[in-house]
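Observations on the model geometry
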Amino acid sequence: MFKLSFILPIIFSFVLFVPAFDDLDTKAEPMTICHTFPGDDMRQFALDPEFQALHFAPAPLQYAGLGTNVTFKTTDGTDGKGYLVKAKKKSNKWLFVYQEWWGLNDYIRRESDTFYKDLGENVNVLAVDMYDGQSTSNPQEAGKLMSGTKDARLVAIVNGATTFAGKKAKIANVGWCFGGAWSLRSAILGGKQTVGSVMYYGMPVSDVNELKKLNSDVLGLFATETRISKEVIEKFAENMKAAGKKLDYKIFDGVHGFANPSNPKHDPALTKEAYGMALGYLKGKF
């Protein structure tokens, strides 16, 4: 039998090491040594060196856009940011554009302008800044930015953008990578104001009850990859069907990020095809 004088220090050390539940910081940063995000959250990949290696640093771009930088109130009482190109005539048609994991950079501004012009300049286009003004061209830093985002803040930004657009706004969404996932999540949050969602190679929502909240169909433009795989996409299609929602999708024979012109593995032919599908879909909504 162990002596009490030997056992007590061990017990005492254990009590000191393990905090009481009341003292646990539930807002602490997730540990990066394990997957702390749900399986349908792209942030689970953000710090994975192999995933980071899929994203080559974008070439520098100096772009003078058609729109202006704007701020709007978010639902957590702070300010959100975005890049807005207003319709030539007053319009309740809105397209929300969601950034890749780099942040709201000049490539996203240029893409926003392209959609604006190709939609006849009669749709308000708002590129929503999900990083609160931060952006980078470094893959490792982009991983840190994406993994460091908080659900409550991201939802507050999207809801603030919807309020900024107005109660009568009819909103479609488009995004790539991290933004592809948020194009779908924004459509869910938008409820009856949502008219469409285009998601380029973003991780789908898997919760059927969440998908039931969609007020629109979804267009998925996916790549050939191991993380957002064919199996993941087919399961998404099953979940959409179970939710009573329509999904049209295509898996392109290209890498993650194939539609990004700054990516050395950018595929112009696939980009043109995917953009044609996205534009045709959005024109049908507006």
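Residue positions within a chain follow its written sequence, with the count starting from 1. Totals for whole chains, interfaces and linings use all residues, but because this is a predicted model, local features are given only for residues with pLDDT of at least 70 and pairs of side-chain atoms are given and counted only at 80 or more. Excluded from the side-chain calculation are hydrogens and water; included are all heavy atoms of the structure.

Labels follow the DSSP assignment, with helices taken as runs of H or I lasting at least four residues and strands as runs of E lasting at least two, numbered in each case from the N terminus. Along the chain, Leu282 turns up in helix H9 (residues 268–285). Along the sequence, Leu282 and Leu95 sit 187 residues apart, while their C-alpha atoms lie 8.7 Å from each other. In contact with Leu282, other than residues within four places in its own chain, are Leu95, Phe115, Leu119, Ala172 and Val198. By the convention used here, residues are in contact when the closest approach between their heavy atoms is within 4.5 Å.

A few words now on the layout of surface pockets. A water-sized probe, rolled over the atoms, reveals where empty space remains. Estimates place the volume of the second largest pocket at around 270 Å³. Only protein atoms enter the calculation, which uses a 1 Å grid: trapped sets of points that fit a 1.4 Å probe without letting it out are cavities, open sets showing protein on both sides within 12 Å along at least five of seven lines are pockets, and any residue with an atom within 4 Å of a point is a lining residue. What lines the second largest pocket is a set of 14 residues, and nearest its centre among them are Glu111, Trp176, Ala259, Pro261 and Thr271. Those elements that place two or more of their residues in the lining of the second largest pocket are helix H3 (106–118) and H9. If you tally residues by element for the lining of the second largest pocket, the top one is H3, at five residues. By the convention adopted, Pro, Cys, Tyr, Trp, Phe, Met, Ile, Leu, Val and Ala count as nonpolar, Lys, Arg, Asp and Glu as charged, and the other residues, Gly among them, as polar. In terms of residue class, the lining of the second largest pocket is made up of seven nonpolar, three polar and four charged. Grid points are joined across faces, edges and corners, and a volume is the space filled by probe spheres set on the points.

By the definition in use, this model includes one cavity of 30 Å³ or more. Every residue lining the largest cavity is listed: Leu54, His55, Phe56, Glu100, Trp102, His256, Gly257, Asn260, Ser262 and Asn263. Looking at the lining of the largest cavity, its residues break down into three nonpolar, six polar and one charged.

Glancing now at the sheet that holds strand S5 (residues 170–176). Strand pairing follows a simple DSSP-based rule, namely that at least 2 bridges must link the two strands. The sheet built from eight strands is open, its strands ordered S1-S2-S4-S3-S5-S6-S7-S8 with mixed pairing. Each edge of the open sheet is held by one strand with a lone partner, namely strand S1 (68–73) and strand S8 (247–251). Averaged over all neighbouring strand pairs, the angle between strand axes comes to 20°, with direction disregarded. Contacts from helix H8 (residues 230–242) reach strand S6 (194–200), strand S7 (218–222) and S8, with the element oriented near 170° to S8. A fitted line through C-alpha atoms serves as each axis, taken over the contacting stretch for helices, and the angle formed by two N-to-C directions is quoted from 0 to 180°. Taken strand by strand, H9 contacts strand S3 (93–98), S5, S6, S7 and S8, and its axis lies near 175° from that of S6.

Right, let's get into the pairing of S3. Residue exposure (1.4 Å probe, protein chains only): buried if accessible area is under 20% of the type maximum, exposed if over 50%, otherwise partly exposed. The buried fraction of S3 is high, at five of six residues. Direction of pairing for S3 relative to S5: parallel, over a ladder of six bridges. Paired with Trp94 across the bridge in S5 is Ile171. One ladder, built from five bridges, connects S3 with strand S4 (residues 124–129); its direction is parallel. Residue pairing for S4: Leu95 is matched across the bridge by Val125. With respect to chirality, the unit in which S3 leads through H3 into the neighbouring parallel S4 is right-handed. For the handedness criterion, the strands are oriented away from the viewer, and a crossover whose path from the first strand over the helix to the second runs clockwise is classed as right-handed.

The next subject is the packing of helix H5 (residues 151–165) against helix H6 (residues 178–190). At a minimum axis distance of 11 Å, the contact between H5 and H6 shows a crossing angle of 65°. Remark: the crossing between H5 and H6 carries right-handed chirality. Contacts from Leu154, Val155, Val158 and Asn159 in H5 reach Phe178, Trp182, Ser186 and Leu189 in H6. Helix crossings are classified by the rotation of the near helix relative to the far one: an anticlockwise turn of less than a right angle makes the crossing left-handed, while a clockwise turn makes it right-handed.

Turning to the pattern of salt bridges, a few remarks are in order. We count a salt bridge whenever a side-chain nitrogen from Lys or Arg sits within 4 Å of a carboxyl oxygen from Asp or Glu. Using the criterion set out here, one finds 16 salt bridges in the structure. The shortest N-O distance in the salt bridge between Arg43 and Asp151 comes to 2.4 Å. Placement of Arg43 in the loop between helix H1 (4–17) and helix H2 (49–53) and of Asp151 in helix H5 is noted, with a sequence separation of 108 residues between them. According to the relative accessible area criterion, Arg43 is buried, its value standing at 6%. A relative accessible area of 44% means that Asp151 is categorised as partly exposed. Residues joined in a network through salt bridges with shared partners are Asp41, Arg43 and Asp151.

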